Amino acid sequence: MADERQEVRRIIAEVARAIDRRLAVEVRELPVGERVQLVLTRGIHHTQTEFPVASILSADESPMLRNELRLRVKRTTDTMLFKPMPDHRLTDVKPVPPPGGLSTFRSSRGRGGR
């Protein structure tokens with residue numbers, strides 16, 4: 001049982017390090033069944049998610065399952081770090097006339113000016 005816990009911590013640490021070197025991971029065991037809770041921290045941002053122990057241990061055996069685990073942790077991290085774009089629409093902006101007072105795109109002299 002202790003080896004299994006150490007193995008889970010090692011796999012999670014490797015996956016988190018591959019995602020972001022500044023990402024801190026804390027692994028907590030949950031009393032409800034075979035699940036672990038991951039507390040992800042980067043700077044002032046914190047989030048938590050849960051994973052079954054069996055899925056983490058199987059991720060060590062298969063590259064596809066490891067990538068799936070990496071994507072799930074990365075999705076959680078990206079959601080934690082997401083900043084919505086500011087609203088750039090300003091309500092008090094009025095259109096400015098073009099320089100020279102000309103409002104047409106083309107020159108008034110026509111083509112070529114021969």
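Heads up: the structure comes first, above all this text.
The following refers to the structure shown.

Conventions used here
- Residues numbered from 1 in each chain as written.
- Predicted model: local features only at pLDDT ≥ 70, side-chain atom pairs only at ≥ 80, totals over all residues.
- Heavy atoms only, no water.
- Salt bridge = Lys/Arg side-chain N within 4 Å of Asp/Glu carboxyl O.
- Helix = DSSP H or I, 4+ residues; strand = E, 2+ residues; numbered from the N terminus.
- Buried < 20%, exposed > 50% of the residue type's maximum accessible area, 1.4 Å probe, protein only.
- Expected span 1.5 Å × (residues − 1).
- Arc of directions from axis to C-beta.
- Contact = heavy atoms within 4.5 Å.

Evaluated as defined, the whole model comprises 10 salt bridges. The salt bridge involving Arg10 is made with Glu7; its shortest N-O contact spans 2.4 Å. Highlighted residues: Arg10 and Glu7, both in helix 1 (residues 2-19), separated by three residues, approximately one helical turn. Judged by relative accessible area, Glu7 falls into the partly exposed class, the value being 26%. In this structure, the salt-bridge partner of Glu50 is Arg35, at a minimum N-O distance of 3.3 Å. Of this pair, Glu50 sits in strand 3 (residues 45-52) while Arg35 is found in strand 2 (residues 35-42), placing the two residues 15 residues apart along the sequence. Under the relative-accessibility criterion, Glu50 is labelled partly exposed at 36%.

Another point: helix 1. Taking 1.5 Å per residue, 18 residues should reach 26 Å; helix 1 reaches 26 Å between its end C-alpha atoms and fits that length. The complete set of buried residues in helix 1 reads Val8, Ile11, Ile12, Val15, Ala16 and Ile19. Buried residues of helix 1, viewed axially, fall in a sector of 130°; they line one side. Of the residues in helix 1, the exposed ones pointing more than 90 degrees away from the buried face are Asp3, Gln6 and Ala18. For helix 1, the secondary structure elements touched by its buried residues are strand 1 (24-29), strand 2, helix 2 (53-59) and helix 3 (63-81).

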